[in-house]
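Here are the chains, one letter per residue:
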Amino acid sequence: MTPAQPDADFPMQPIGHIASDFPDKFGIPRQPGLATAARARLVLSPPFDDPLAVRGLDAFSHLWLTFIFHLSPDRRWVPLVRPPRLGGNARVGVFASRSTHRPNRLGLSLVELIDIDTRRGVSLELRGCDLVSGTPVLDIKPYLPWAEARPEARAGFAPDPPPRLPVGFSANAEAILAARSDGDSLRELIIQVLAQDPRPAYHGAGRKEGEARVYGVRLRDVDVRFQVRDDVEGPGVSVVEIEPT
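Residues numbered from 1 in each chain as written. Predicted model: local features only at pLDDT ≥ 70, side-chain atom pairs only at ≥ 80, totals over all residues. Heavy atoms only, no water.

K.L.:
I'd like a rundown of the side chain of S20, residues and numbers included.
P.N.:
Here S20 is to be found in strand β1 (residues 16-20). A polar contact is formed between the side chain of S20 and the backbone oxygen of L131, at a distance of 2.7 Å. Residue contacts for S20: discarding those within four places in its chain leaves R39, A40, L131, V132 and S133. (Helix = DSSP H or I, 4+ residues; strand = E, 2+ residues; numbered from the N terminus. Polar contact = N/O pair within 3.5 Å; in protein donor to acceptor, adjacent residues only side chain to side chain. Contact = heavy atoms within 4.5 Å.)

The structure is reproduced here in structure tokens:
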């Protein structure tokens, strides 16, 4: 058998695309499972939308998705990156990180499988997803906890989940949520996303005390405007407005 050449190309075709609560990159949790209220749907494309291809998949609660960081610039990668967990200043090797700027732009995400719809093609309802809408998915594999959960493993510069900030809502924001049919789940999604402080890491450093720049993050069909304060009462997030996009 002739071995593959080191520089051989390996063409890949997406098996489907993601539709999620995240229309934009900004605000997406930096790891899967950190926002369990985040909804997503993986819609398989022909010829992979054959119900036979997912026979038996409903016996598994979690899945590995291999996908493309399609919004990262093509062919843009560097050997050193600045992980947010290190404050956005310290550099580590790209292969010691989960940076989106990778040589082949490949990503791996562990998601919860909620339901499988095979009435017209195939679509998978997912929870805890960290993928932007439109993400091309290359493969699906069942998660096996007995083989892949290793609590004794070392986690380098990210040994624990990121700290969470308290999140509060203005009276106007609360009124808007109360009027929506999905208000409760949207409120929980907003809390889970903003509690992780989605701002770029360098925005969190060097601020003057009490300074509160207004940011906006798109979730579902709304634009959530928020401020992060660090005053005498400690750090926290205030949701200022919620507007339709």
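Now that the structure is up, let's keep going.
K.L.:
So what's going on with the pattern of salt bridges? Which residues, and what values?
P.N.:
The final tally for this structure, using the stated rule, is 14 salt bridges. With a closest N to O distance of 2.8 Å, D117 and R119 form a salt bridge. The exposed category is assigned to R119, whose relative accessible area is 72%. Among the ionic pairs, D182 bridges to R180, the shortest N-O distance being 2.8 Å. The class for R180 is partly exposed, based on a relative accessible area of 23%. Among the ionic contacts, a cluster of salt bridges with common partners joins D21, R39, R180, D182, R220 and D221. (Salt bridge = Lys/Arg side-chain N within 4 Å of Asp/Glu carboxyl O. Buried < 20%, exposed > 50% of the residue type's maximum accessible area, 1.4 Å probe, protein only.)

K.L.:
Tell me about the sheet that holds strand β3 (residues 62-68), and name the residues and values.
P.N.:
Strand order around the closed barrel formed by six strands is β1-β2-β7-β6-β3-β8, with antiparallel pairing between neighbours. Each neighbouring strand pair of the sheet contributes to a mean axis angle of 45°, computed without reference to strand direction. (Pairing = 2+ DSSP bridges. Axes fitted to C-alpha atoms, helices over the stretch in contact; angles between N-to-C directions.)

K.L.:
Which residues make up the side chain of D223, and what values do they have?
P.N.:
Residue position: D223 is located in strand β11 (residues 222-231). Within polar-contact distance, the side chain of D223 engages the side chain of R225 at 3.2 Å. Discounting chain neighbours no more than four positions away, the residues touching D223 are G216, V217, R218, E241, I242, E243 and T245.

K.L.:
Outline the nonpolar core, supporting the account with residue identities and numerical values.
P.N.:
Where a protein is soluble and globular, its nonpolar side chains tend to be buried together. If you look at the biggest cluster of nonpolar residues, it comprises 28 residues, and the most contacted ones within it are I190, L194 and V239. Counting residues per element, the ones that place at least two in this core are β9 (167-169), α2 (171-178), α3 (183-194), β10 (214-219), β11 and β12 (234-244). Contact partners of L194, with chain neighbours within four places excluded, come to V167, V217, V224, F226, V237 and V239. Ranked by size, the runner-up nonpolar core spans 21 residues in total, among them I15, L44, F67 and I116. (Core = buried A, V, L, I, M, F, W, Y, C linked by side-chain atoms within 4.5 Å.)

K.L.:
Give a description of the pairing of β1 that names residues and reports values.
P.N.:
In this sheet, strand β2 (residues 39-44) lies alongside β1 in antiparallel orientation, the contact comprising five bridges. Residue pairing in the sheet places A19 in a bridge with R41 of β2.

K.L.:
Quick one: what's the story with the confidence of the model for the protein chain, residue by residue and with numbers?
P.N.:
For the protein chain, mean pLDDT is 90; residues scoring 70 or higher make up 93% of the total. For the stretch residues 205-210, pLDDT sits under 50, and the model shows seven contacts to residues farther than four places along the chain or on other chains. (pLDDT = per-residue confidence, 0-100.)

K.L.:
Residue-level account of the pairing of β2, with values.
P.N.:
The alternating pattern of β2 places A40, L42 and L44 on a buried face and R39, R41 and V43 on a face that is not buried. The sheet contact formed by β2 and strand β7 (residues 123-127) spans five bridges and is antiparallel. Paired with R41 across the strands is E125, a residue of β7.

K.L.:
Report on the packing of aromatic side chains, specifying residues and quantitative values.
P.N.:
Within this structure, the stated rule accounts for three aromatic pairs. Plain terms: the ring middles of W64 and Y143 are 5.9 Å apart, the flat faces sit at 70° to each other, and that makes the pair edge-to-face. Highlighted residues: W64 in strand β3 and Y143 in the loop between β8 (136-142) and α1 (145-148), separated in sequence by 79 residues. The class of W64 is partly exposed, set by a relative accessible area of 22%. By relative accessible area, Y143 is classed as buried at 17%. (Phe/Tyr/Trp six-rings, centres within 6.5 Å; stacked < 30°, edge-to-face > 60°.)

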